[in-house]
Amino acid sequence: MTKRHVSLPPLAEEGLRAFIDEVDERLSSDENTCDVVEDVLVDLHGDRQAYERWQSGDDISPAERVRLQGYDPCNATLESEYYAEVAGMDEGEYERSKHLQWLWRQFDATPMADNIAFALRFREMLADHLFAEAGDDLRLFKGITFTYGHNIELGDNVVVHDDVHLDDRGKLTVGDRVSISDNAHVYTHDHDVVDQTEVTNYHTIIEDDVRVTYDSMVRAGVRMGENSILAAKSIAGKDVPAHHIAAGQPAKSIAIKDGWESVADSVEDANVDRSDERVVEYDVPDVDVFDEFQRDRSPPDA
């Protein structure tokens, strides 16, 4: 059963289009991204009156000040900001991604994030500014998180449902007509088994027409072949060939989709780990780094 079209009343549609077009134009201009994000969030959260009082020098409480300062992404930090590889990125690349990601996350904290007709189009517009590539007719639902954003490529007609995590410390490529269901996690980085401070980044690939189903995980460096399926609550640590159905923890190819047998590799030849072919090299410059774990767990047999 397919979806049906739903439309807003004309006046609501007019206001929606005007607002999204305005934000889109401002983000496309030379205007400072921080200023745009702050201005948009103040209005979306209904705090314009308090913000103007603060800007005019009126007394406000410490709690109000913290809240109002928080609309400016320059006054916020994200987890990804602490990753050492950020220091090796092109100047300004992370900053713009951070500012747009802050707008994405704080928009999701507003009541408007539950208005599907509005929210899908707003996120699609933001994706065009944030992601490396953003195809047409994206449907990006609430609670989607990512590391940076600028290492993500999405094809046309991609659907990403609620509370999905798209890790892009490495590189993530998603083809056309892909469906990623609620609570799924897709990774592009992994930690060394012995020294968890050692991180390797990968290129993770989800090809056209793939379905990553509920609460499943695609591990770093995996290629999900076209038209394949990762079953619910499964963990794909090895490549899934085109037209295959993979299930389990760890996931294995268990069958070929009906009608695709003549063009698919055999199940017996599946379940191969090719992640080493998709390592993404990166440099960490000479910066002040720290070990958050402070452990000395050197193996005795090393």
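Residues numbered from 1 in each chain as written. Predicted model: local features only at pLDDT ≥ 70, side-chain atom pairs only at ≥ 80, totals over all residues. Heavy atoms only, no water.

Going by an unreviewed UniProt entry, the chain carries the name Acetyltransferase (Isoleucine patch superfamily) and comes from Halorientalis persicus. Taken from UniProt, the Sequence similarities (unreviewed entry) comment for the chain reads in full: "Belongs to the transferase hexapeptide repeat family." (UniProt positions renumbered as here; feature names shortened; annotations may be inferred.)

**Q** So what's going on with the pattern of salt bridges? Which residues, and what values?
**A** Summed over all chains, the structure comprises 20 salt bridges. Residues Arg177 and Asp209 are paired through a salt bridge, measuring 2.7 Å at the closest nitrogen-oxygen approach. Note that Arg177 is positioned in the loop between β7 (171-174) and β8 (179-180) and Asp209 in the loop between β11 (199-206) and β12 (211-212), a separation of 32 residues in sequence. A residue is classified by how much of its surface remains accessible, and Arg177, at 42% relative accessible area, is partly exposed. Looking at Asp209, the relative accessible area reads 28%, which means it is partly exposed. Residues Asp239 and Arg278 are paired through a salt bridge, measuring 2.8 Å at the closest nitrogen-oxygen approach. Taken as a pair, Asp239 in the loop between β16 (235-236) and β17 (244-248) and Arg278 in the loop between β18 (251-256) and β19 (279-280) lie far apart in primary sequence, 39 residues in all. Per residue, the accessibility class of Asp239 equals that of Arg278, and both read buried. Overlapping salt bridges bring together Arg26, Glu31, Asp39, Asp43, Arg48 and Glu52 as one network. (Salt bridge = Lys/Arg side-chain N within 4 Å of Asp/Glu carboxyl O. Helix = DSSP H or I, 4+ residues; strand = E, 2+ residues; numbered from the N terminus. Buried < 20%, exposed > 50% of the residue type's maximum accessible area, 1.4 Å probe, protein only.)

**Q** Break down the state of the cysteines for me, with residues and values.
**A** By definition, a disulfide is the covalent link that joins the sulfur atoms of two cysteine residues. Scanning the model with the defined rule gives one disulfide in all. Linked covalently through their sulfurs, Cys34 and Cys74 form a disulfide whose S-S length is 2.2 Å. Sign of the S-S torsion, about 130° for the bond between Cys34 and Cys74, identifies this disulfide as right-handed. Taken together, the positions of Cys34 in helix α2 (residues 33-44) and Cys74 in the loop between α4 (62-69) and α5 (93-107) put the pair 40 residues apart, joining distant regions of the chain. Exposure remark for Cys34: the relative accessible area of 4% places this residue in the buried category. (Disulfide = S-S within 2.5 Å.)

**Q** Quick rundown of the pairing of β18? Include the residues and the values.
**A** Sheet analysis places β17 next to β18, joined by five bridges and oriented antiparallel. Bridge assignment links Ala247 to a residue of β18, and that residue is Lys252. As consecutive antiparallel partners, β17 and β18 are separated by two residues. (Pairing = 2+ DSSP bridges.)

**Q** Describe unusual backbone geometry, and please don't skip the residues or the numbers.
**A** For the peptide bond that leads from Gln249 to Pro250, omega is 5°, which places it in the cis range. Mapped onto the elements, Pro250 comes out in the loop between β17 and β18.

**Q** Which residues make up the sheet that holds β16, and what values go with them?
**A** Taken in spatial order, the five strands make up an open sheet running β3-β6-β9-β13-β16, and their pairing is parallel. Each edge of the open sheet carries a strand with a single partner, namely β3 (145-146) and β16.

**Q** I'd like a description of the domain arrangement of the chain, backed by residues and values.
**A** It is common to give the size of an interface as the accessible area lost on bringing the parts into contact. Partitioning the chain into structural domains gives domain 1 (15-130) and domain 2 (141-284). Taking only C-alpha atoms into account, the centre of domain 1 sits 30 Å from that of domain 2. The interface is formed by 20 residues belonging to domain 1 together with 15 residues belonging to domain 2. With both sides pooled, the region where domain 1 packs onto domain 2 buries about 1,600 Å², and carbon together with sulfur makes up 58% of that total. Contact with domain 2 buries area across many residues of domain 1, yet Glu85, Trp104 and Leu130 alone supply 29% of it, more than any other trio. Counting the contacts that link domain 1 with domain 2 gives two salt bridges. A salt bridge links Arg169 to Glu85, with the shortest nitrogen-to-oxygen separation between them at 2.7 Å. On inspection of domain 1 and its partner domain 2, the count reaches seven residue pairs in polar contact (both at pLDDT 80 or more). (Domains from an automatic or database assignment. Contact = heavy atoms within 4.5 Å. Buried area = accessible area lost by both parts, 1.4 Å probe. Polar contact = N/O pair within 3.5 Å; in protein donor to acceptor, adjacent residues only side chain to side chain.)

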